[in-house]
Amino acid sequence: MPKKDLILLALDESHILKLMDRALQAVNYDTAIASDMKALSRLLQETSPALLMVAETFDGHDGLVIVEELIERFPTLPFLMYTEKVTPGFANRVFRLGIGGYLAPPLRTDDILGTVEGALKHAHRVGDWLRREVKRTTSSLQKRAQISEAERSRLETVINSIHDSVMILDEDNLILLVNPAMCSSFGLDEKASIGKPVMDVIQHPDLRALIASNGDQDPLQHHEVNFPDGKVASAQLTVIPGIGHAVTMQDITYLKEVDRVRNEVVHTVSHDLRSPLTSVIGYTELISRAGTLNENQQDFLKRIQDSVKHITALINDLLELGSIEAGLDTRREWVQLEGLLRYTLDMLQGQIRAKHIKVQADVAPSLPALRANPVRLRQVLDNVVGNAIKYSNDSGEVKISIHAEGGQIILQVSDNGPGIPIQDQAHIFDKFYRGHNMDDQEGSGLGLAIVKSIVDAHQGRIWVESNLGQGSTFFIVLPVNSPTIPAARK
Ligand code: ADP
């Protein structure tokens, strides 16, 4: 048999109380009677009533004040008021408090039962809705928790078996997952690290710098991480929408080593070639003094000299690149870029005239001086402006602008030449890389590699924007006061 609803009556002893009690019991409600405030409080705790009926005055207290307090403690309990006389003020307070209703004489059994039933029905509806909502929310939460647990353990298995180091962070940079490779790289305890802020756990400055960048400007950021034992890793920070970030790291020590050995070989070979080439040039100059040469012989000799000069220039470029990359460029003085540009344009005057190039230089007034190596910056200008002229069509236009912004000098060199194919743009700063559309132009592909290493050594940035058939703009940003001179590499 279903449990009967219990109606708690807080009415002072009177014939009304008896009437209510009898009427309710007659239609199968249970009733409990509170004789005073203490009893009311106890019964509320012990009996979980389905409805509370309170008189306008109960145990010497204002019934509406009692209800107002109880609503706070039992927000789902329906209340009914009983009053001897309905005044507009009383009715107003009842509605303001949101109480289910009130009863007043003349009391007929039908009225009592109808009002109680109405209040209970409404409360049941609210209760049912509440239970349904709670069930729905908890089951969806449980489901989410289950899915994420299952997903998490699958992900954990995958991540743990990856040879590379992996760490997953949430949006607040708390560690969600970290694999054994990452733990052993940084000496972490996997269990102790989970749930901790990553910056409390990772102390390595290179990795901290990568994480601090937060992947904001670039959804995928790279950073080299150097370990005290000489190992080098390439770390990436990738944004995972809706989760946070993934930090992944691969050991690139062997690649660095290959690069070092290759540079060393190139450097040694270049160095060893320079002396014999100087002697070849010397002897080609002496040949004509040893006797008269016919026209053919003179032509051959000229070709030999041109080729040897070309190889010598190439070797000098390689040696220079090696010394800049090795961090040997430590000279720093205050340099005015405008003055250097004038020298560059003077040097290139012959080519400018020969190709009828229109050059427009726009240098901002009172440009601040730079802390830099003037010889290297001159090389930068020679190469970038030289390329703009070299790759321009006859009668092309080259625009150069230099201005200062927020402690930086910004140099822009634009031309309306052939442009650089999109697939080449990421590689033109690599050694020996030449664009696919440049077969008819002479070059070694070393100029921009030298420019890039000089810009890097000055803590600057270089990039290109180019559209095929429309031209290219090279941007170089240099800090006015380049913070430190990089230490020479061993
Ligand atoms: P090089 O000019 O000797 O080939 P660089 O390193 O100076 O070598 O340039 C690399 C490549 O970049 C060039 O081969 C060319 O494809 C491309 N490049 C550089 N500057 C320009 C430019 N202003 N316009 C079009 N292509 C350019």
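Details of the structure are given in the entry above.
Worth saying up front: this structure is predicted, and the values here are computed from it rather than measured.

Engineer: Quick one: what's the story with the overall build of the chain, residue by residue and with numbers?
Structural biologist: Broken down by element type, the chain carries 15 helices and 19 strands. At 43 Å, the chain has a C-alpha radius of gyration far larger than the 23 Å of a compact globule built from 490 residues. Each principal axis of the C-alpha atoms in the chain carries an extent, and together these give about 150 × 50 × 40 Å. Burial statistics for the chain: of 490 residues in total, 39% are counted as buried. Intrachain contacts of the chain at a sequence separation of at least 6 include 59% that bridge at least 24 residues. Of the accessible surface of the chain, which amounts to about 28400 Å², a share of 54% is contributed by carbon and sulfur atoms.

Engineer: Requested: an account of a nonpolar patch on the surface, with residues and values cited.
Structural biologist: A contiguous nonpolar patch, built from Val 261, Val 265, Val 269 and Leu 273 and spanning about 300 Å² of accessible area, is present on the exposed surface. Along the chain, the position of Val 265 falls in helix H10 (residues 253-290).

Engineer: So what about the environment of Leu 411? Which residues, and what values?
Structural biologist: Looking at the element boundaries, Leu 411 is found in strand S17 (residues 408-415). Judged by relative accessible area, Leu 411 falls into the buried class, the value being 5%. Leu 411 sits 331 residues away from Leu 80 along the chain, and the two C-alpha atoms are 82 Å apart. If sequence neighbours within four positions are ignored, Leu 411 has contacts with Leu 381, Ile 400, Ser 401, Ile 402, Phe 474, Phe 475 and Ile 476.

Engineer: Break down the pairing of strand S16 (residues 397-405) for me, with residues and values.
Structural biologist: By the bridge criterion, 6 bridges tie strand S14 (residues 358-363) to S16 in an arrangement that is parallel. Counted as the bridge partner of Val 363 is Ile 402 from S16. Counted along the chain from S16 to the antiparallel partner S17, the turn is 2 residues long, and its residue Gly 406 has a positive phi close to 50°.

Engineer: Before we move on, can you summarise the packing of helix H11 (residues 295-325) against helix H15 (residues 447-457) with the specific residues and values?
Structural biologist: Put simply, H11 and H15 touch, their axes get as near as 10 Å, and they point 20° apart. Overall, the two elements H11 and H15 adopt an arrangement that is roughly parallel. You can see that H11 and H15 cross each other, and the crossing is left-handed. Along its contact with H11, which presents Asp 317, Leu 321, Ile 324 and Glu 325, the element H15 presents Ala 449, Ile 450, Ser 453, Ile 454 and Ala 457. Split into classes, the residues belonging to the contact of H11 with H15 amount to 6 nonpolar, 1 polar and 2 charged.

Engineer: Which residues make up the side chain of Thr 473, and what values do they have?
Structural biologist: Take Thr 473: it is sitting in strand S19 (residues 471-479). There is a polar contact of 3.1 Å between the side chain of Thr 473 and the side chain of Ser 414. In contact with Thr 473, other than residues within four places in its own chain, are Gln 412, Val 413, Ser 414, Trp 463, Val 464 and Glu 465.

Engineer: Got a sec to walk through the pattern of salt bridges? Specific residues and values, please.
Structural biologist: In the structure shown here, the tally under the stated rule is 13 salt bridges. Residue Glu 264 is joined to Arg 260 by a salt bridge in which the shortest nitrogen-to-oxygen separation is 2.7 Å. Taken together, the residues span about one helical turn, with Glu 264 and Arg 260 both in helix H10 at a distance of 4 residues. Look at Arg 260 and you get partly exposed, because its relative accessible area is 35%. The shortest N-O distance in the salt bridge between Asp 382 and Arg 378 comes to 3.0 Å. Linking Asp 382 with Arg 378, this pair stays in helix H13 (residues 374-391), spanning 4 residues, or about one helical turn.

Engineer: Hey, could you go over helix H9 (residues 205-213) for me, with residue numbers and the actual values?
Structural biologist: Every buried residue of H9 is listed here: Leu 207, Leu 210 and Ile 211. The buried side chains of H9 occupy one side of the element, clustering within an arc of 95° when seen end-on. Those residues of H9 that are exposed and angled more than 90 degrees off the buried face are Pro 205 and Ala 212. Following H9 by one or two positions, Asn 214 has its phi on the positive side, about 65°.

Engineer: Any details on the environment of His 427? Residues and values, ideally.
Structural biologist: By the secondary structure assignment, His 427 is in the loop between helix H14 (422-425) and H15. A relative accessible area of 32% means that His 427 is categorised as partly exposed. Between the alpha carbons of His 427 and Gln 408 there is a distance of 25 Å; along the sequence they are 19 residues apart.

Engineer: Explain the sheet that holds strand S2 (residues 30-33) to me, using residue names and the numbers behind them.
Structural biologist: Strand order across the open sheet formed by 5 strands is S2-S1-S3-S6-S7, with parallel pairing between neighbours. Of all the strands in the sheet, just S2 and strand S7 (102-103) have a single pairing partner and so form its edges. In the sheet, strand S1 (residues 6-10) pairs with S2 via 4 bridges, with the strands oriented parallel. Bridged to Leu 8 within S2 is Ala 32.

Engineer: Tell me about the pairing of S1, and please be specific about residues and values.
Structural biologist: Burial runs high along S1: 5 of the 5 residues are buried. In this region the chain leaves S1, passes through helix H1 (residues 15-26) and returns to the parallel neighbour S2; the handedness of that crossover is right-handed. Here S1 runs beside strand S3 (residues 51-55); their pairing, made up of 4 bridges, is parallel. Bridge pairing in S3 places Leu 9 opposite Met 53.

Engineer: An account of the packing of H13 against H15 is requested, with residue identities and associated values reported.
Structural biologist: Between H13 and H15, the least distance of the axes is 9 Å, while the angle of their chain directions is 140°. It follows that H13 is oblique to H15 by the angle criterion. The two elements H13 and H15 meet at a crossing, and its hand is left-handed. Contacts from Arg 376, Gln 379, Val 380, Asn 383, Val 384 and Asn 387 of H13 reach H15 at Gly 447, Leu 448, Ile 450, Val 451 and Ile 454. Classifying every residue of the contact of H13 with H15 gives 6 nonpolar, 4 polar and 1 charged.

Cut-offs and rules
Residues numbered from 1 in each chain as written. Predicted model: local features only at pLDDT ≥ 70, side-chain atom pairs only at ≥ 80, totals over all residues. Heavy atoms only, no water. Helix = DSSP H or I, 4+ residues; strand = E, 2+ residues; numbered from the N terminus. Rg over C-alpha atoms; globule rule 2.2 N^0.38 Å. Buried < 20%, exposed > 50% of the residue type's maximum accessible area, 1.4 Å probe, protein only. Contact = heavy atoms within 4.5 Å. Areas by Shrake-Rupley, 256 points an atom, 1.4 Å probe, with all protein chains shown as cover. Patch = residues over 30% accessible without salt bridge, like charges linked within 9 Å, V, L, I, M, F, W, Y side chains within 5 Å. Salt bridge = Lys/Arg side-chain N within 4 Å of Asp/Glu carboxyl O. Pairing = 2+ DSSP bridges. Axes fitted to C-alpha atoms, helices over the stretch in contact; angles between N-to-C directions. Parallel < 35°, antiparallel > 145°, perpendicular 65-115°, else oblique. Left-handed = near helix turned anticlockwise from the far one by under 90°. Nonpolar A, V, L, I, M, F, W, Y, C, P; charged D, E, K, R; others polar. Polar contact = N/O pair within 3.5 Å; in protein donor to acceptor, adjacent residues only side chain to side chain. Arc of directions from axis to C-beta. Right-handed = clockwise from strand over helix to strand, strands pointing away.

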